[in-house]
Amino acid sequence: VFAGQGVVLLLLQLLQSPAAAGSAEVKQGVLLALSELCAAGGKKCLVALRQADGVGLLLKECEDLLESDPALPSLPGLAALDCLWRCCLPSARSRAQLLAVDGMDVLLGLLYKGNKYMRPVILSILADLLSDQRSHPFFHEWHAPVPPTMQSNANNSIVSSTISSTNSSSKRPRLNVIIASQLLIAIWREQDAARGMSGPDGLLANPVRPLAGAGGPSKWDVRDAGVMAGYGLLKEERKALLQRIAGASNPDLLLDKVYACFAELGFETVLSALGPDDAATLQFIRQYVKFRQGEVWQDIHQEFAAEGVNPTQDDR
């Protein structure tokens, strides 16, 4: 274990070296090694990383993604997010430090304008971070300008950055910004639209299997990663990189993690800050586990029927 602590310090030094700064492959390798070491080395490695300002260094790697081209996802960027998740989130003190250095702002900022392929891991980090009650005020205080894709819903939402962060009885809504809860709802709606889960009337398009919707795609096309307009102009190695990232990214996780985030926050707490349209979508999200369980039981029933198996009364 003590040797592991020493390796943690060496890897953090290498992460700050010119070799890592000048080579994406070196940086990715360092981050992956650090991630595995923290996962295998236990508490002492996590402590060594925190005491060496590793939390801040890893967050800086993630923050740099905000300054990069969001149309071009990077393997070092994904490695940095994974490293932050595995090296910082297991420790209560590291979580506190992450919040103190604006970690919540960075994560939500990446969700807001980062590449779609990074969303599953970002939402995984966010869900685990929100399991710590201390993170909730930071989540509720975040806000950003309403993106063009959400302009149609802006006037139907009560947007306030003061929820859960003030004792004032008067909350002044900001109609030109989006809050973190609405950002998660927007991500859910993208999947809803892609799968056709909601019909034109706002009701379930497929009451029997709500999450299957109208049978829309549940996998990303690499050209939908934000580079559709210029995908044909990319070099072959860049296209291959996008294909690798697409293969490792599962959009099904988005539904799981959006639900997990709201479950940690408390649906009733979130509901008080939303307008009618967003509140209706939140109620759909709230039923996610029941819908998923129903689909699992349907699959089991179909498998039994196909094999000619009749469950006993005790198994029903």
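Only a predicted model underlies this, so the values are computations on that prediction, with no experimental measurement involved. (Residues numbered from 1 in each chain as written. Predicted model: local features only at pLDDT ≥ 70, side-chain atom pairs only at ≥ 80, totals over all residues. Heavy atoms only, no water.)

Asker: Mind showing me how you'd approach helix α7 (residues 92-100) here?
Answerer: Because an α-helix packs 3.6 residues into every turn, residues spaced three or four apart end up facing the same way. Turning to α7, its buried residues are Ser94, Arg95, Leu98 and Leu99. All buried residues of α7 project into a common sector of 140 degrees when viewed along the axis, lining one side. Along α7, exposed side chains directed more than 90 degrees from the buried face belong to Arg93 and Ala100. Residues of α7 that are buried in the fold lie against α4 (43-51), α5 (54-67), α6 (75-88), α8 (103-113), α9 (119-130) and α10 (136-141). (Buried < 20%, exposed > 50% of the residue type's maximum accessible area, 1.4 Å probe, protein only. Helix = DSSP H or I, 4+ residues; strand = E, 2+ residues; numbered from the N terminus. Arc of directions from axis to C-beta. Contact = heavy atoms within 4.5 Å.)

Asker: What should I look at first to understand the nonpolar core in this one?
Answerer: A general trend in soluble globular proteins is that nonpolar side chains are found buried together. Within the largest apolar cluster, 74 residues are counted, with the highest numbers of intra-cluster contacts made by Leu34, Leu49, Leu58, Leu81, Leu126 and Phe262. Top element by residues in this core is α6. It accounts for nine residues. Setting aside its immediate chain neighbours within four residues, Phe262 contacts Ser181, Leu184, Ile185, Phe267, Val270, Leu282 and Ile285. (Core = buried A, V, L, I, M, F, W, Y, C linked by side-chain atoms within 4.5 Å.)

Asker: I keep staring at the packing of aromatic side chains and nothing clicks. Help me out?
Answerer: Given two aromatic rings, one states the distance between the centres and the angle between the planes to describe the pair. Considering all chains together, one arrives at six aromatic pairs under this definition. Summarising the aromatic geometry, the rings of Tyr259 and Phe267 are spaced 5.7 Å apart at their centres and angled 45 degrees between planes, so their arrangement reads as tilted. There is no split in this pair, since Tyr259 and Phe267 are both buried. Ring centres 5.8 Å apart and planes at 40 degrees place the aromatic pair Tyr259 and Tyr288 in the tilted group. You can see Tyr259 sitting in helix α14 (residues 252-265) and its partner Tyr288 sitting in helix α17 (residues 288-307), a full 29 residues away along the chain. When its relative accessible area of 4% is taken as the criterion, Tyr288 is described as buried. (Phe/Tyr/Trp six-rings, centres within 6.5 Å; stacked < 30°, edge-to-face > 60°.)

Asker: When you look at the pattern of salt bridges in this model, what are you seeing that I'm missing?
Answerer: Pairing between side chains becomes possible if they bear opposite charge and their charged atoms approach one another. In the structure shown here, the tally under the stated rule is nine salt bridges. Here Asp82 makes a salt bridge to Arg86, at a shortest N to O gap of 3.8 Å. Here Asp82 and its partner Arg86 are both found in helix α6, four residues apart, which amounts to about one turn of the helix. For Arg86, a relative accessible area of 26% translates into the label partly exposed. (Salt bridge = Lys/Arg side-chain N within 4 Å of Asp/Glu carboxyl O.)

Asker: What exactly am I supposed to notice about the packing of α6 against α9 here?
Answerer: Relative orientation of the contacting elements α6 and α9 amounts to 15 degrees, with a least axis distance of 10 Å. Looking at the two axes, α6 sits roughly parallel to α9. Note on packing geometry: the crossing formed by α6 with α9 is left-handed. Together, Leu78, Leu81, Asp82, Leu84 and Trp85 of α6 and Val121, Ile122, Ser124, Ile125 and Asp128 of α9 make up the contact between the two elements. Within the contact of α6 with α9, the residues separate by chemical class into seven nonpolar, one polar and two charged. (Axes fitted to C-alpha atoms, helices over the stretch in contact; angles between N-to-C directions. Parallel < 35°, antiparallel > 145°, perpendicular 65-115°, else oblique. Left-handed = near helix turned anticlockwise from the far one by under 90°. Nonpolar A, V, L, I, M, F, W, Y, C, P; charged D, E, K, R; others polar.)

Asker: Explain the packing of α8 against helix α12 (residues 180-195) here, please?
Answerer: Describing two packed helices takes the angle between their axes plus the distance from one axis to the other. The N-to-C vectors of α8 and α12 enclose an angle of 40 degrees; their axes lie 11 Å apart at closest approach. In terms of orientation, α8 and α12 fall into the oblique class. Viewed along their axes, α8 and α12 form a crossing whose handedness is left-handed. Contact residues: α8 offers Leu108, Leu111 and Tyr112, while α12 offers Ala180, Leu183, Leu184 and Ile187.

Asker: Which parts of the structure should I look at to understand the side chain of Asn115?
Answerer: You can see Asn115 is positioned in the loop between α8 and α9. Among the polar contacts listed, one links the side chain of Asn115 to the backbone nitrogen of Tyr117, at a separation of 2.9 Å. (Polar contact = N/O pair within 3.5 Å; in protein donor to acceptor, adjacent residues only side chain to side chain.)

Asker: Help me understand the environment of Ser135, please; the structure alone is not making it clear to me.
Answerer: If you trace the backbone, Ser135 turns up in the loop between α9 and α10. With residues up to four places along the chain from it excluded, the contact list for Ser135 reads Leu99, Met104, Leu129 and Leu130. A polar contact of 2.7 Å, which involves the side chain of Ser135, links it to the backbone oxygen of Asp132.

Asker: Honestly, the environment of Trp85 in this entry has me stumped. Any pointers?
Answerer: Mapped onto the secondary structure, Trp85 falls in helix α6. Sequence separation between Trp85 and Leu129 is 44 residues, and the spatial gap between their C-alpha atoms is 9.1 Å. Contact partners of Trp85, with chain neighbours within four places excluded, come to Pro90, Val121, Ser124, Ile125 and Asp128. Of the polar contacts made by the side chain of Trp85, one reaches the side chain of Asp128; its length is 2.7 Å.

Interpretation in functional terms is not warranted from these geometric data alone.
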